[in-house]
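Residue-level structural notes
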Amino acid sequence: AQKVTQAQTEISVVEKEDVTLDCVYETRDTTYYLFWYKQPPSGELVFLIRRNSFDEQNEISGRYSWNFQKSTSSFNFTITASQVVDSAVYFCALSEGGQNFVFGPGTRLSVLP
Amino acid sequence: SQTIHQWPATLVQPVGSPLSLECTVEGTSNPNLYWYRQAAGRGLQLLFYSVGIGQISSEVPQNLSASRPQDRQFILSSKKLLLSDSGFYLCAWTWGDSELGYTFGSGTRLTVV
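Rules used throughout
Residues numbered from 1 in each chain as written. Chains lettered and ligands numbered in written order. Predicted model: local features only at pLDDT ≥ 70, side-chain atom pairs only at ≥ 80, totals over all residues. Heavy atoms only, no water. Contact = heavy atoms within 4.5 Å. Buried area = accessible area lost by both parts, 1.4 Å probe. Salt bridge = Lys/Arg side-chain N within 4 Å of Asp/Glu carboxyl O. Polar contact = N/O pair within 3.5 Å; in protein donor to acceptor, adjacent residues only side chain to side chain. Helix = DSSP H or I, 4+ residues; strand = E, 2+ residues; numbered from the N terminus. Nonpolar A, V, L, I, M, F, W, Y, C, P; charged D, E, K, R; others polar. Core = buried A, V, L, I, M, F, W, Y, C linked by side-chain atoms within 4.5 Å. Buried < 20%, exposed > 50% of the residue type's maximum accessible area, 1.4 Å probe, protein only. 1 Å grid on protein atoms, 1.4 Å probe; cavity = no way out; pocket = protein on both sides within 12 Å on 5 of 7 lines; lining within 4 Å. Points joined across faces, edges and corners; volume = space filled by probe spheres on them.

The subject of this paragraph is the interface of chain A and chain B. For interface size, the figure often reported is the accessible area lost on association. Contacts between the two partners involve 19 residues from chain A, matched on the other side by 21 residues from chain B. Carbon and sulfur atoms make up 52% of the area that chain A and chain B hide from each other, which totals about 1,500 Å². Seen at the junction of chain A and chain B, the total is zero salt bridges. At the boundary of chain A and chain B, one finds seven residue pairs in polar contact (both at pLDDT 80 or more). Put simply, the parts of the chain that give the side of chain A that touches chain B at least two residues each are β5 (33–39), β10 (88–95) and β11 (101–103) of chain A. With four residues, β5(A) is the largest single contributor of residues to the side of chain A that touches chain B. Residue composition of the side of chain A that touches chain B, by class: nine nonpolar, eight polar and two charged.

Here's what the structure looks like:
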């Protein structure tokens, strides 16, 4: 069965620091999809990125970047020059298709001014 | 474009009272619909999902039920609330399989007193 681990329960950084959120997944499928969602204090889950298992290219979107490494089954998320507005709970998730979709436990990021 | 609406935003209900949370999706047809619950400080738990009108799959045995009376309407209900039903309830939708990821509603914060 698929599984997603986010070992960091809570992280605190000072504004402008870089921070990396770790995500390690387990799956037996060769085709799968990985996601990151952001949950700000308002509660709504906001989609950040989707990556399929055949695309290992790293992606950068503004201050956000993602490092996908199949060799280590990891899909890590880095925020560069963090801002207070980045404070949220971040969830990594894995889909094997069908209704097989699982979230990690989440990492609470606090960015202090 | 597609939008998902969820209401009410907050709800305080006494133990033993009934519950009805509603979720509707606009701008698409035949979506897959989901109800998630998030207890305070915890991760996301899938409660129900539906792939069509009248089709409900339950993931967790509990005193909650779900119904899908129309294609784009998903309702979460309870006949008698328990204290343990308190939490943040999120509705989500996707097209087809979970590999596309989910789009979430803004959530309902339920407090059972």
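Counting 23 residues, the largest nonpolar core has Trp36(A), Phe77(A), Tyr90(A) and Leu109(A) as its most contacted members. Elements supplying a minimum of two residues to this core: β2 (10–14), β3 (19–21), β5, β8 (64–69), β9 (74–79), β10 and β12 (107–112) of chain A. If we ignore the near neighbours within four places in the chain, the residues touching Tyr90(A) are Gln6(A), Leu21(A), Trp36(A), Tyr37(A), Lys38(A), Leu48(A), Tyr64(A), Phe77(A), Ile79(A), Gly106(A), Thr107(A) and Leu109(A). Leu11(B), Val25(B), Ala66(B) and Leu110(B) belong to the second largest nonpolar core, which has 20 residues in total.

To continue, consider the layout of surface pockets. Where empty space is left can be seen by rolling a probe of water-molecule size over the atoms. Considering only enclosed or pocket space, the largest pocket measures out at about 490 Å³ in volume. Taken together, 25 residues form the lining of the largest pocket, with Val89(A), Arg108(A), Gln38(B), Gly41(B) and Arg42(B) sitting closest to its centre. For the lining of the largest pocket, the elements supplying multiple residues, two or more each, are β10 of chain A together with β9 (87–94) and β11 (108–112) of chain B. Partitioning the lining of the largest pocket into residue classes produces ten nonpolar, eleven polar and four charged. In this structure, the second largest pocket occupies an estimated 190 Å³ of space. Around the second largest pocket, the lining comprises 13 residues; the ones closest to its centre are Trp93(B), Leu100(B), Gly101(B), Tyr102(B) and Thr103(B). Elements represented by at least two residues in the lining of the second largest pocket include exactly β9 and β10 (103–104) of chain B.

Distances and angles like these do not, on their own, reveal function.
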